[in-house]
Amino acid sequence: MLVSVFRKAHFNAAHRLHNPKLSEEENKKLFGLCNNPSYHGHNYTLEVKVTGEIDPLTGYVIDTKILKDVIQKEIHDRFDHRNLNEDTVEFKELNPTAENIAVVIWDLLRPHIDSKLQLSLRLYETENNFVEFNGK
Ligand code: NI
């Protein structure tokens, strides 16, 4: 009997979509306003989903306090109020699209969640644009 537990979190960050392997013209054409050299910001919303069996001892799939603390430390403290391109090692080389950010976040969370639990997440860049990653 599998049950999913969700935890939401928010962080604000700046980024610029840019591939240094492409010319300025190609970058402009591909990424439009998101290629603005002066960066732009998003209020990201993260939804983390942990799925597994209910532990008969606790009645929990995962203690949401633990989940909250892991997200705070690994994601919020790392990315909130940062320029993703300039201030984080994760996006020094990697284009900080919502897709890539979702995979990076999954990789950062995975080691902290019991391996018998499934981990999925959604990352909202805007209310209408969001991506989902269900793991590797
Ligand atoms: Ni953007």
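The shown structure was predicted, so the numbers you read here are calculated from the model rather than taken from an experiment. (Residues numbered from 1 in each chain as written. Predicted model: local features only at pLDDT ≥ 70, side-chain atom pairs only at ≥ 80, totals over all residues. Heavy atoms only, no water.)

K.L.:
Describe in detail the coordination of the nickel ion, supporting the description with residues and values.
P.N.:
At the metal site, the nickel ion is ligated by H15 (NE2), H40 (NE2) and H42 (NE2), and these contacts range over 2.0 to 2.1 Å. For the nickel ion, all donor residues lie on one chain, and their spacing in sequence is H-x24-H-x1-H. Of this pair, H15 sits in strand 1 (residues 2-15) while H42 sits in strand 2 (residues 40-53); the two residues are 27 residues apart in sequence, bridging distant segments of the chain. With relative accessibility at 14%, the residue H42 sits in the buried group. (Donors = N, O, S within 2.8 Å, 3.2 Å for Na, K, Ca; no water. Helix = DSSP H or I, 4+ residues; strand = E, 2+ residues; numbered from the N terminus. Buried < 20%, exposed > 50% of the residue type's maximum accessible area, 1.4 Å probe, protein only.)

K.L.:
So what about the layout of surface pockets? Which residues, and what values?
P.N.:
Looking at the largest pocket, its volume works out to about 200 Å³. As for the second largest pocket, its lining consists of R16, H18, P20, Y39, N85, E86, F91, K92, E93, L94, N95 and P96. Partitioning the lining of the second largest pocket into residue classes produces five nonpolar, three polar and four charged. (1 Å grid on protein atoms, 1.4 Å probe; cavity = no way out; pocket = protein on both sides within 12 Å on 5 of 7 lines; lining within 4 Å. Points joined across faces, edges and corners; volume = space filled by probe spheres on them. Nonpolar A, V, L, I, M, F, W, Y, C, P; charged D, E, K, R; others polar.)

K.L.:
Tell me what's going on with helix 2 (residues 64-79), and back it up with residues and numbers.
P.N.:
Residues that lie three or four places apart on an α-helix share one face, since the helix turns once every 3.6 residues. Taking 1.5 Å per residue, 16 residues should reach 22 Å; helix 2 reaches 21 Å between its end C-alpha atoms and fits that length. At Q72, helix 2 is deflected by roughly 35 degrees, the largest bend along its length. Listed as buried for helix 2 are L67, V70, I71, E74, I75 and F79. In the core, the buried residues of helix 2 are packed alongside strand 1, strand 2, strand 3 (82-83), helix 3 (84-87) and helix 4 (98-109). Of the residues flanking the start of helix 2, the one acting as N-cap is D63, its side-chain oxygen 2.9 Å from the backbone nitrogen of K65. Just downstream of helix 2 lies H81, where phi reads positive at about 60 degrees. (Expected span 1.5 Å × (residues − 1). Bend = angle between axes of the 7 residues up to and from the residue. Contact = heavy atoms within 4.5 Å. Polar contact = N/O pair within 3.5 Å; in protein donor to acceptor, adjacent residues only side chain to side chain.)

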